[in-house]
Structure formats: C-alpha cells, structure tokens
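Coordinates in review
Here is how the chains run, residue by residue.
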Amino acid sequence: MAQQDLHDMLRSLRVWAPGVTELRPFDPEKAPPTPLPLFTSWFAEAVGAGQPEPHTMSLATADEEGRPDVRVVMLHGADADGWSFATHATSRKGRDLSARPYAALAFYWPVLGRQVRVRGPVTSAPAEESQADLHARSTGALAAALTGRQSAELSSLEEMRRASEAAWERARQSPAEPSETWTLYRLRPQTVEFFQGDPERRHVRLEYRRSEFGWSKGLLWP
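Residues numbered from 1 in each chain as written. Predicted model: local features only at pLDDT ≥ 70, side-chain atom pairs only at ≥ 80, totals over all residues. Heavy atoms only, no water.

Moving on to the layout of surface pockets. When its volume is computed, the largest pocket comes out at roughly 350 Å³. Every residue lining the largest pocket is counted, 17 residues in all, and those nearest its centre are Ala144, Thr147, Gly148, Arg149 and Gln150. Of all the elements in the fold, those that place two or more residues in the lining of the largest pocket are helix H5 (139-147) and helix H6 (157-173). Broken down by element, the residue count for the lining of the largest pocket peaks at four residues, all from H5. Counted by class, the lining of the largest pocket contains eight nonpolar, five polar and four charged residues. (1 Å grid on protein atoms, 1.4 Å probe; cavity = no way out; pocket = protein on both sides within 12 Å on 5 of 7 lines; lining within 4 Å. Points joined across faces, edges and corners; volume = space filled by probe spheres on them. Helix = DSSP H or I, 4+ residues; strand = E, 2+ residues; numbered from the N terminus. Nonpolar A, V, L, I, M, F, W, Y, C, P; charged D, E, K, R; others polar.)

Written out as structure tokens, the structure reads:
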C-alpha cells in the first residue's frame, strides 16, 4: 500500500460518527466525591450501549531505563484497593513493574465518546490471591498461563503449538494447577480522569486527585 493511500484513508475516517456514537451530556457538578462509583456507572453504561470488550484497557509501563511501553490487557476488577490486572511476573510488563512499580491505564469506549485514565503506584497481590484469580478464569486462560514464557523469544509457531497443546492437557486434567509466575497486580490510583466527548469539541474532562486528605476534583481544558 502506498503512503498516499494510507493518508487518504486517514482523511476519510470520522470519529464518533452519527448513528454509531451517542455523545451523552455529562455534568461534572453531579459527579460523586470519589472516582470508583463514577467508573462503575460509566462501565455499566458502556456495556449497556454495546461497546465491544469494554473491559479491555491500555496498560503503560516503563522499564528500568525509563523507556515506555504499552499494550492492551483485561481489567480483572476495581474496588477500594485499586484497579487490578494480571500477568506473569517474568513477562516484559512484569519486569517493568518490578523495576518501576508505577503504571497508567486508559479505557476507550467510542460508542459513548468516553475515556477513563488512571495513574498510580502498582503492588502485587499475595500468591494465593493471584492463583485464585487465575483459577476463576477459563480453561483457556489457565492453559495460556501454564504455557508461560510470555515475552520470551519464540523459535517457531510449531514450538508454541506443542507447548500450548501440552498446557491445554494439563489445564483440563488439573484445573487447580498453579502457575508460579502468574501475578495479580493492583494499581492504586493517584489520579483518575473522566473524558466525555462533545459534538462541538467542548469536551468535558474531570480529574480526581488523591491526597493525604482524600479525593479532590478539578476540570481540565480539552
């Protein structure tokens, strides 16, 4: 594909097309005093609006030299302890979090023109809690975890097929088998931003900020 073709395609695309996206009004004055209830409400609205995979989010980390990385992962929960996700401690993101235990999350729900951004320090859950999280998921999730080696170099797809088949067999035969490196992480938010798109580009950005005195709120220019 020629570079000009890419540019032409980009110019032809629209964001929040009518009939696809519903830009709902958002009054920040009516927002709750803490971010979790608003996140829960917005998440439920995204599910109700038919947003595909609303529980996926971008996770940004940095390695020990400060070089950033980002990938899409799945939200495992959000409560008073923080927003949680899981991965192998030996994976690239696991190593990043070991070196720099701070991360950022971003949710994007285009059917409503909404984003949620979360930033803060990250801690790992106890091993028994991490394993309980893993075994609450599907057989396929356990098989993937038992395959292991996430982010390591792969010599061929055939090597992966053999390892995966063996892991699937183990997962079916032993559904409670542990994966020693599987780790549940929790991001304790220091800031949480809620972005609501507006058709006149007067987007509403409400940011919650945590301090030793609790949560405060403020608006940001779009």
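Moving on from the model shown.
Considering all chains together, one arrives at 17 salt bridges under this definition. Glu159 is paired through a salt bridge with Arg149; the nearest N and O atoms lie 3.4 Å apart. Of this pair, Glu159 sits in helix H6 while Arg149 sits in the loop between H5 and H6, and the two are ten residues apart along the sequence. On the basis of relative accessibility, which here comes to 23%, the residue Glu159 falls in the partly exposed class. Between Glu158 and Arg161 there is a salt bridge whose closest N-O contact spans 2.3 Å. Of the two residues, Glu158 and Arg161 are both situated in helix H6; the distance of three residues between them amounts to about one turn of the helix. Here the salt bridges do not stand alone but share partners, grouping Glu22, Arg24, Glu45 and Arg114 into one network. (Salt bridge = Lys/Arg side-chain N within 4 Å of Asp/Glu carboxyl O. Buried < 20%, exposed > 50% of the residue type's maximum accessible area, 1.4 Å probe, protein only.)

Attention now goes to the packing of H5 against H6. Interaxial distance between H5 and H6 falls to 8 Å at its minimum, and their mutual angle equals 125°. If you check the angle between H5 and H6, you find them oblique. For the pair H5 and H6, the crossing hand works out as right-handed. Together, Thr139, Gly140, Leu142, Ala143, Leu146 and Thr147 of H5 and Ala163, Ser164, Ala167, Trp168, Arg170, Ala171 and Arg172 of H6 make up the contact between the two elements. Looking at the contact of H5 with H6, its residues break down into seven nonpolar, four polar and two charged. (Axes fitted to C-alpha atoms, helices over the stretch in contact; angles between N-to-C directions. Parallel < 35°, antiparallel > 145°, perpendicular 65-115°, else oblique. Left-handed = near helix turned anticlockwise from the far one by under 90°. Contact = heavy atoms within 4.5 Å.)

Before going further, it helps to examine the nonpolar core. Counting 26 residues, the largest nonpolar core has Leu38, Phe39, Trp83, Phe85, Phe107, Val116 and Phe194 as the members making the most contacts within it. When residues of this core are traced back to their parent elements, those giving at least two are helix H2 (35-48), strand E1 (56-62), strand E4 (82-88), strand E5 (102-109), strand E6 (114-124), strand E7 (182-187), strand E8 (191-196) and strand E9 (204-211). If we skip the residues at most four places from it in the chain, Phe39 touches Leu75, Ala78, Trp83, Phe107, Trp109, Val116 and Phe194. If you look at the next biggest cluster of nonpolar residues, it comprises eleven residues, including Ala86, Ala145, Ala167 and Leu184. (Core = buried A, V, L, I, M, F, W, Y, C linked by side-chain atoms within 4.5 Å.)

Moving on: the packing of aromatic side chains. This model, assessed by the stated rule, comprises twelve aromatic pairs. For the ring pair Phe39 and Trp83, a centre distance of 5.3 Å and an interplane angle of 75° mean the geometry is edge-to-face. Of this pair, Phe39 sits in helix H2 while Trp83 sits in strand E4, placing them 44 residues apart in sequence. Grouping residues by exposure puts Phe39 and Trp83 together as buried. (Phe/Tyr/Trp six-rings, centres within 6.5 Å; stacked < 30°, edge-to-face > 60°.)

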